[in-house]
Amino acid sequence: MKKMDEIDLKIFPNEEFFQKIYSKYLENEPSASKAVRDSYKGMHNYFEEYLVAIQEDMFRYAYKCGYLDGRREAMG
């Protein structure tokens, strides 16, 4: 592991140097392909559906608990 740290120090002697190179990289980074963008949209839609389903489950459980507690309280 120490060897990798030594290599890193030779490639990036300090954070400022690294940030300069990284900024240039980001400026020239190509856009994602249409296939990647389309896949991301699909993933986003499925994730949104997942979150909605979780919220519905949480609401159903909370409503059920409140309903059952209310019945218990009413029955004494």
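Bear in mind the structure is a predicted one, so any value in this text is a computation, not a measurement. (Residues numbered from 1 in each chain as written. Predicted model: local features only at pLDDT ≥ 70, side-chain atom pairs only at ≥ 80, totals over all residues. Heavy atoms only, no water.)

Colleague: Honestly, the confidence of the model for the protein chain in this entry has me stumped. Any pointers?
Modeller: Residues at a pLDDT of 70 or more form 93% of the protein chain, whose mean pLDDT is 90. Helix 3 (residues 34-75) holds the highest mean pLDDT among the elements of the protein chain, 95, whereas helix 1 (residues 2-11) holds the lowest, 72. (pLDDT = per-residue confidence, 0-100. Helix = DSSP H or I, 4+ residues; strand = E, 2+ residues; numbered from the N terminus.)

Colleague: Just checking my understanding: could you explain the packing of aromatic side chains for this structure?
Modeller: The geometry of an aromatic ring pair is captured by two quantities: the separation of the ring centres and the angle between the planes. Tallying each qualifying case throughout the model produces 5 aromatic pairs. For the pair Tyr22 and Tyr25, a centre-to-centre distance of 6.1 Å together with 20° between the ring planes defines the contact as stacked. Highlighted residues: Tyr22 and Tyr25, both in helix 2 (residues 15-28), separated by 3 residues, approximately one helical turn. Residue classification places Tyr22 among the partly exposed residues on the basis of a relative accessible area of 37%. On the basis of an interplanar angle of 35° and a centroid distance of 5.8 Å, the ring pair of Phe59 and Tyr63 is categorised as tilted. Residue Phe59 and its partner Tyr63 are located together in helix 3, separated by 4 residues, close to a single helical turn. Side by side, Phe59 and Tyr63 carry an identical accessibility label, which is exposed. Members of the aromatic cluster, connected to one another through ring pairs, are Phe12, Phe18, Tyr22 and Tyr25. (Phe/Tyr/Trp six-rings, centres within 6.5 Å; stacked < 30°, edge-to-face > 60°. Buried < 20%, exposed > 50% of the residue type's maximum accessible area, 1.4 Å probe, protein only.)

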